[in-house]
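Fold and contact review
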Amino acid sequence: MIPNQWYPILQTGDIKRDRPTGVRRMGEELVLWRDLGGTLVCQSARCPHKGANIAEGRLKGNTVECPYHGFRYNAEGTCKVVPALGANARIPQSLQLKTYPVREQHGLVWLWWGEAREQLPEIELPHELVGNPRPHETISWTRPVHYTRYIESLLEFYHVTFVHRDHWTNNIDYTFMYGTARNLWMDGRERYLAANKIVNHEVVVDGTTIRSTFDQCEEANPANSSHFNLIYQAPGLTHVKTGLLEITTWLTPIDDENTLAIMRLYEYPQLRTMVPIKPLRPWVLRASLLMEKLVQDPQDVGIMLRQEPKVSERGVNKFIAVDEMNAKFLQMRDRLKAEADADAEAHAEAPAETAPAAAPETPVTQTSTTPPAINGNGSKGAHGARRKRTGAAADREDGLTKARS
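Here the structure is a predicted model, which is why all the values come from computation and not from measurement. (Residues numbered from 1 in each chain as written. Predicted model: local features only at pLDDT ≥ 70, side-chain atom pairs only at ≥ 80, totals over all residues. Heavy atoms only, no water.)

Take the sheet that holds strand S13 (residues 195–206) next. Strand order in this open sheet of 7 strands is S12-S18-S17-S16-S15-S14-S13, and the pairing throughout is antiparallel. Only two strands of the sheet have a single neighbouring strand rather than two, namely strand S12 (136–143) and S13. On average, adjacent strands in this sheet sit at an angle of 20 degrees to one another, irrespective of strand direction. Here 8 bridges tie S12 to strand S18 (residues 259–266), and the two strands are oriented antiparallel to one another. Paired with His136 across the bridge in S18 is Tyr266. (Pairing = 2+ DSSP bridges. Helix = DSSP H or I, 4+ residues; strand = E, 2+ residues; numbered from the N terminus. Axes fitted to C-alpha atoms, helices over the stretch in contact; angles between N-to-C directions.)

Right, let's talk about the packing of helix H2 (residues 147–154) against helix H7 (residues 281–304) for a bit. Where H2 contacts H7, the two axes come as close as 11 Å, and the packing angle between them is 125 degrees. When the axes of H2 and H7 are compared, the pair comes out oblique. As H2 runs across H7, the sense of the crossing is right-handed. Contacts between H2 and H7 involve Arg149, Tyr150 and Ser153 from the former and Asp297, Val301 and Met304 from the latter. Classifying every residue of the contact of H2 with H7 by side-chain character gives 3 nonpolar, 1 polar and 2 charged. (Parallel < 35°, antiparallel > 145°, perpendicular 65-115°, else oblique. Left-handed = near helix turned anticlockwise from the far one by under 90°. Contact = heavy atoms within 4.5 Å. Nonpolar A, V, L, I, M, F, W, Y, C, P; charged D, E, K, R; others polar.)

The next thing to look at is the pattern of salt bridges. Throughout the structure, instances matching the rule amount to 17 salt bridges. Put simply, Arg34 and Glu104 hold a salt bridge, and the shortest N to O gap is 2.8 Å. Of this pair, Arg34 sits in strand S3 (residues 28–34) while Glu104 is found in strand S10 (residues 102–105), placing the two residues 70 residues apart along the sequence. In this structure Arg34 comes out as buried when scored by relative accessible area, which is 10%. Its salt-bridge partner being Lys310, residue Glu308 comes within 3.6 Å of it at the nearest N-O pair. In this structure Lys310 comes out as partly exposed when scored by relative accessible area, which is 41%. The structure contains a network of salt bridges with shared partners spanning Arg24, Glu29 and Asp255. (Salt bridge = Lys/Arg side-chain N within 4 Å of Asp/Glu carboxyl O. Buried < 20%, exposed > 50% of the residue type's maximum accessible area, 1.4 Å probe, protein only.)

That is the geometry; function is a separate question.
This is the structure in structure tokens:
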């Protein structure tokens, strides 16, 4: 897991209004709830008294109540009521929940996982997503795989020819995405399976964003080709656009063995013609997402479950030239983790009187969902400098050793 990052942990609509919502993210049990003003609160879910899960409790005014003994905690994590001690009792200060900064943007709930800061960075998405005018639908699910392997599978598409070739539902994609009118769209599967050579691939690194473009074509018939645009943004966003298809997927660690996938499918431009009744179009997208959840994604996961090692890291596998985006992802992951470790070490060595606020394990005052002001640097500096690195230049600059096929 990469510290000092915003992670999407739920869709906003997943938060219950009348009771706490419990999730496991980043290896921690969390409870989310809204106070009477509607402000979202995210806290550690284990009651410090005897370890009960507070997500199974109830909301009481501006507090959340433990289901075991009725201890109540406010938005700052302070215990305000201990029924067994009476109304005027002195409550031990050790009865404290950790409170995490959260924001609600882009239809998602974002958790800040890292050191406490007076001003947290903005939640920034690639411009391809922010300026995307297409309507969309979103779905989420969990899988028992490490998030690094999951991300890898979405940063290249030459596996698709071999993994997604036999299930009958894939023929729907073949027909609409690869079939030709000359053959009444019945040649989609043949054309799709024949196009598995990657050409014209290029990778560009821009701060914490990696973009890749390439063509996947039939070697004997280069005209049978599909163009792909892929995006990775740390810590776990992937985006693909090819032909009619455009999908964003966020991969967030539940723990070291499980991953949350939040997938957003954008409306096909031709859908307005195919389905002129507007209220029906979201159902088409939802059906497509359900197909992905129940058919295509399990096909990928079936492979990932048997991969070794379970966690992808630099040097554990032998990449080929067209895996450059995968290699850049692992390099960026190592770099961001090293930067977070360096920050933590610097803060630990700082004199007590000038030491910054503690890491997220120490309770943090809950802020509103309105993003705080950001300094004028925005995303500049080490995380925002624009660099274009491809081919041999990328090898020299990043130390990437690529096997040439």
